[in-house]
Amino acid sequence: MNLFKSLLGLGLCLSIAEATVAQTARNYNPIIPDLVADPSIVKFGDTFYCYATTDGYDKGLATSGPPVLWQSKDLVNWSFDGIFFPSAAKQLFWAPSYAQKVGKDYFFYPTVNTHIYVAKASSPKGPFKLVGEDTFEKGKAPAPLVLMDGPKKTKGIDAEIFIDDDKTPYLFWAQRGAAKLKPNMTELDGDIQVIQTKRNGYSEGPIFFKRKGIYYYMYTLSGHEHYAYAYQYSKVSPFGPYEFPKEEIIAKTDTTEKIYGPGHGNVFNIGDDYYFTYLEFGRSGTNRQVWINKMEFNEDGTIKPVKLTNKGVNPLNVKDKGLKIEETSASSTKPEYKVPHIYDATLKRTEYYNPANATDWSNGTRWMADANDSLATFTAKLSKSQTIKKVETYFVKPTAGHAYVLEGSQDGKTWVKCGGHDDIQIKSPHSDILNKKFQYLRIKFLKGVAGIWEFKVQ
């Protein structure tokens, strides 16, 4: 999580009717249709889980979105339904490590109100509850596992959990903090370690994993557009001693690809294939998104510098299906926005919010209505009148919830209600089963941010 300065002071692809879209025709980064940061991805069973920070709530680190858990079967199509850590719903929820299964329980290590806590559930998707009384009320909340002002000048944020082959659990956190955990997974065991690194300075978002007998410790440098990842490795133990590779910086801003600030993320694998997931800082501030690129190794076990690309990954060769949307329109469109830079003046991005962005199969673009539009609508016209089985709508700021009406029409003049709901629901996407024949579809916003990342029709 990019607390660098703040805490020191305190693609295009149109769907083709009933056909598949070629894998090479679209970009897969960013992977999630929302503003999300600090991703930690793990697979349990046939499902990938992305534990992360929800961005896009303005006021920087003074606010955050609620705890939601994005899930996917294929690393391409992601969804969530409700809040998976209810007691933290109105707290500052940041940078969780992915859940770890020990026995029949799943243990989870989020940063809440600037400290690392331990939570537990019987499923990786929760609901998680604090170990101890499940409340953050003063005087009743359990003690944090690691305080913000951590031991030995470490920072008690950004937990990373690792369990070795001998079942010994380890906890890593910001500013190079590390310790063993007791078998109960809820207490530190023994002395606090400070991992010695070749590069000094502020660091957060540690990543730790083991591959072919080698332990890898990754740590961030700097922040914002200058975010970068360095690494070192040990063939002895998680605490070292460490060896320092010749090419120690394995991810940094690529101005040619226009990818900025690869920050706090994690490494996961599918068999022998390894992937680096990270936040991308190109929207500036707490408006980040989650990206994935392939990680490769040299024969001696050292990591090759990761090639950051917009293309991303589609390891399971997923084919996109949908009905052809011929035209889009809306009651209004938010004015364009020039993204400000913090450190790097080469960051020159302008966000556009045109209705066509909602049907471009890109999680990095969106339609948004003008802020003064109190009766916002979005309309899509198909190539012809045909039976529509399902509509999936990925709203902007879905973690705050939406209520809406979905209408259908044969001629664009006479409309009938065919979906939606009057109550606010926190989920993405919102799915409507139609099995009706229409050429036009229209979303009317009742409550929630008037905007759509993606509008998919099947």
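The protein chain carries the name Family 43 glycosylhydrolase in an unreviewed UniProt entry, which gives Flectobacillus longus as its organism. The record in UniProt for the protein chain states the following under Sequence similarities (unreviewed entry): "Belongs to the glycosyl hydrolase 43 family."

A. Region of the structure containing the pattern of salt bridges. Scanning the model with the defined rule gives 19 salt bridges in all. Two residues, Asp164 and Lys210, come together in a salt bridge whose shortest N-O distance is 3.0 Å. One end of the pair, Asp164, is in the loop between strand E11 (155–163) and strand E12 (169–174); the other, Lys210, is in strand E15 (residues 207–211), and 46 residues separate them in sequence. On the accessibility criterion, Lys210 (24% relative accessible area) is partly exposed. One salt bridge connects Lys307 with Asp254, and the closest N-O pair in it is separated by 3.8 Å. A residue pair is termed long-range when its members are at least 10 positions apart, and Lys307 in the loop between strand E21 (289–295) and strand E22 (320–322) and Asp254 in the loop between strand E18 (249–252) and strand E19 (263–270) qualify at 53 residues. When salt bridges with common partners are traced through the structure, they connect Asp164, Asp165 and Lys210 into a single cluster.

B. Spotlight on the nonpolar core. Counting 24 residues, the largest nonpolar core has Ile388, Leu441, Phe455 and Val457 as its most contacted members. Listed by contribution, the elements that provide at least two residues to this core are strand E27 (377–395), strand E28 (402–409), strand E31 (430–447) and strand E32 (451–457). Considering every element that reaches this core, the biggest residue donor is E27, with 6 residues. Core analysis: the second largest hydrophobic core is formed by 21 residues, Ile214, Ile259, Tyr278 and Leu308 among them.

C. Examining the sheet that holds strand E2 (residues 36–44) more closely. Taking strand neighbours across the sheet as the criterion, the 5 strands line up as E2-E3-E4-E5-E30 in an open arrangement whose pairing is antiparallel. With partners counted over all chains shown, the strands left at the sheet margins are E2 and strand E30 (427–428), one partner each. When strand E3 (residues 47–54) meets strand E4 (residues 70–72), the two strands line up antiparallel, connected through 3 bridges. If you follow Tyr49 over to E4, its bridge partner there is Gln71.

Criteria and thresholds
Residues numbered from 1 in each chain as written. Predicted model: local features only at pLDDT ≥ 70, side-chain atom pairs only at ≥ 80, totals over all residues. Heavy atoms only, no water. UniProt positions renumbered as here; feature names shortened; annotations may be inferred. Salt bridge = Lys/Arg side-chain N within 4 Å of Asp/Glu carboxyl O. Helix = DSSP H or I, 4+ residues; strand = E, 2+ residues; numbered from the N terminus. Buried < 20%, exposed > 50% of the residue type's maximum accessible area, 1.4 Å probe, protein only. Core = buried A, V, L, I, M, F, W, Y, C linked by side-chain atoms within 4.5 Å. Pairing = 2+ DSSP bridges.

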